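Examining the three-dimensional arrangement
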Amino acid sequence: MNGLLDYGGLDRDEGGLGAIVLLHGLMGRGRTWSRQIPWLRRYGRVFTFDAAYHQGRFDDSRPPAPEDIATERFVADVGEVITWIDRGPAVLVGHSMGGLHAWCAAAEFPELVSAIVVEDMAPDFRGRTTGDWAPWFDSWPERFAGLDEAVAMFGDVAGRYFYEAFDDGRLHGSIPVWAAIAEEWGTRDFWAQWEAVDVPALLVEAEHSVTPPGQMADMAVRGGQARYPQSACLRVPGAGHLVHDDRPGVYRGAVEAFLSGLAG
């Protein structure tokens, strides 16, 4: 399985929750979760993997077919990863795009998912496009010479995130392909998938969120997961989109409380 890494942790037969699979955001990578993995290992066996088109540079002279970058394709990959791990239903912890894939996988494969954490992602971005991103992407160098250069361009939190995902300072995928993945979100909504989720869910929203206002609060009261006492929606003051790195203590406290509730 490309990009799948096993970081160990408290397995189910040791009293843990089984597999905890971390799903990165758009333009991210599994290794961007490095600061969360150590404490998550106390609750389950932790795995990361790199989503398709986030696994290193590739020949993008021929754009992928729409079905190859559709959400359904990425969700099928999540199901395959959980099946490959073969440790029963998994807890899915997703940031942004990874959060979308987490709840869609819980809806599509209910037997494979026991709980989800969704960080700063909402079901309906219809009408939004990536067109405004192009000048920003064009300003990126061919290769970032080091972490300091990435931080100077993106800021402390995002700079570290991007540089960790890069391959020696170079992009680990194709900007046009990443933009096309995000474009799909502007043409459809994922409320039906969210409302089909029937497992405990923790929602973590940044104060300075990329999500449309009010949607994550609406998510907390719509769907089967609202029945579970462990479920909650937390809006984190002062946090940007990368809540888990921007406000790591708040994020950790919320996720640990949620996982402890599942274990209890």
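See above for the structure.
1. Details of the overall build of the protein
- Each helix and strand in the protein was counted, giving 11 helices and seven strands.
- Expected size for 264 residues packed as a compact globule is a radius of gyration near 18 Å; at 17 Å, the protein falls within 12% of this value.
- Dimensions along the principal axes, computed over C-alpha positions, put the protein at roughly 50 × 35 × 35 Å.
- Evaluated residue by residue, the protein yields a buried proportion of 52% over its 264 residues.
- Partitioning the contacts of the protein with sequence separation of at least 6, the portion at a separation of at least 24 is 78%.
- As displayed, the protein offers around 11300 Å² of accessible surface, 52% of which is attributable to carbon and sulfur atoms.
- Each charge class in the protein can be summarised by its mean position, and for the 22 positive and 38 negative side chains these summaries are 4 Å apart.

2. Quick look at the side chain of Gln36
- With respect to the element layout, Gln36 can be found in the loop between strand 2 (19-23) and helix 1 (37-40).
- Within the structure, Gln36 has its side chain in polar contact with the backbone oxygen of His244 (distance 3.1 Å).

3. Side note on helix 3 (residues 97-108)
- Under the 1.5 Å per step criterion, the end-to-end length of helix 3 is 16 Å for 12 residues, consistent within 8% with the ideal 16 Å.
- Summarising burial for helix 3: 10 of the 12 residues are buried, a large majority.
- Regarding helix 3, the residues found buried are Met97, Gly98, Gly99, Leu100, His101, Ala102, Trp103, Cys104, Ala105 and Ala106.

4. Details of the packing of helix 2 (residues 71-85) against helix 3
- Interaxial distance between helix 2 and helix 3 falls to 9 Å at its minimum, and their mutual angle equals 70°. Viewed along their axes, helix 2 and helix 3 adopt a mutual orientation that is roughly perpendicular. Contacts between helix 2 and helix 3 involve Thr71, Phe74, Val75 and Val78 from the first element and Leu100, His101, Cys104, Ala105 and Glu108 from the second.
- Among the residues forming the contact of helix 2 with helix 3, the class breakdown is six nonpolar, two polar and one charged.

5. A look at the layout of surface pockets
- The volume enclosed by the largest pocket comes to roughly 630 Å³.
- In terms of lining residues, the largest pocket is bounded by 24 residues, among which Leu26, Ser96, Trp133, Val210 and His241 are the most central.
- For the lining of the largest pocket, the secondary-structure elements that each account for two or more residues are helix 4 (134-138), helix 6 (156-165) and helix 7 (175-185).
- Class assignment of the residues belonging to the lining of the largest pocket gives a composition of 15 nonpolar, seven polar and two charged.

6. Some points on the pattern of salt bridges
- Applying the stated criterion across every chain yields a total of 21 salt bridges.
- A salt bridge links Arg45 to Asp11; the shortest N-O distance between them is 2.5 Å. Of this pair, Arg45 sits in strand 3 (residues 45-48) while Asp11 sits in the loop between strand 1 (5-9) and strand 2, and the two are 34 residues apart along the sequence. One exposure class covers both Arg45 and Asp11, and it is buried.
- The closest approach of N and O atoms between Arg126 and Asp189, which form a salt bridge, is 3.7 Å. One end of the pair, Arg126, is in the loop between strand 5 (113-119) and helix 4; the other, Asp189, is in the loop between helix 7 and helix 8 (191-195), with 63 residues separating them in the sequence.

7. A look at helix 11 (residues 248-263)
- For helix 11, spanning 16 residues, the distance from its first C-alpha to its last is 22 Å, which sits close to the expected 22 Å at 1.5 Å a residue.
- Within the span of helix 11, buried status applies to Tyr251, Ala254, Val255, Glu256, Phe258 and Leu259.

8. Observations concerning the sheet that holds strand 6 (residues 201-206)
- Here we have seven strands laid out as an open sheet, ordered 1-3-2-4-5-6-7, and mixed in their pairing. Each edge of the open sheet is held by one strand with a lone partner, namely strand 1 and strand 7 (232-236). On average, each strand axis in the sheet is tilted by 15° relative to the strand beside it, whichever way the strands run.
- Two elements, strand 6 and strand 7, share five bridges in a ladder whose sense is parallel. Its bridge partner being in strand 7, Leu202 is matched across the sheet by Ala232.
- Those strands touched by helix 11 are strand 2, strand 4 (90-95), strand 5, strand 6 and strand 7, and its axis lies near 165° from that of strand 5.

Thresholds applied
Residues numbered from 1 in each chain as written. Predicted model: local features only at pLDDT ≥ 70, side-chain atom pairs only at ≥ 80, totals over all residues. Heavy atoms only, no water. Helix = DSSP H or I, 4+ residues; strand = E, 2+ residues; numbered from the N terminus. Rg over C-alpha atoms; globule rule 2.2 N^0.38 Å. Buried < 20%, exposed > 50% of the residue type's maximum accessible area, 1.4 Å probe, protein only. Contact = heavy atoms within 4.5 Å. Areas by Shrake-Rupley, 256 points an atom, 1.4 Å probe, with all protein chains shown as cover. Lys, Arg positive; Asp, Glu negative; His and termini not counted. Charge placed at Lys NZ, Arg CZ, Asp CG, Glu CD. Polar contact = N/O pair within 3.5 Å; in protein donor to acceptor, adjacent residues only side chain to side chain. Expected span 1.5 Å × (residues − 1). Axes fitted to C-alpha atoms, helices over the stretch in contact; angles between N-to-C directions. Parallel < 35°, antiparallel > 145°, perpendicular 65-115°, else oblique. Nonpolar A, V, L, I, M, F, W, Y, C, P; charged D, E, K, R; others polar. 1 Å grid on protein atoms, 1.4 Å probe; cavity = no way out; pocket = protein on both sides within 12 Å on 5 of 7 lines; lining within 4 Å. Points joined across faces, edges and corners; volume = space filled by probe spheres on them. Salt bridge = Lys/Arg side-chain N within 4 Å of Asp/Glu carboxyl O. Pairing = 2+ DSSP bridges.

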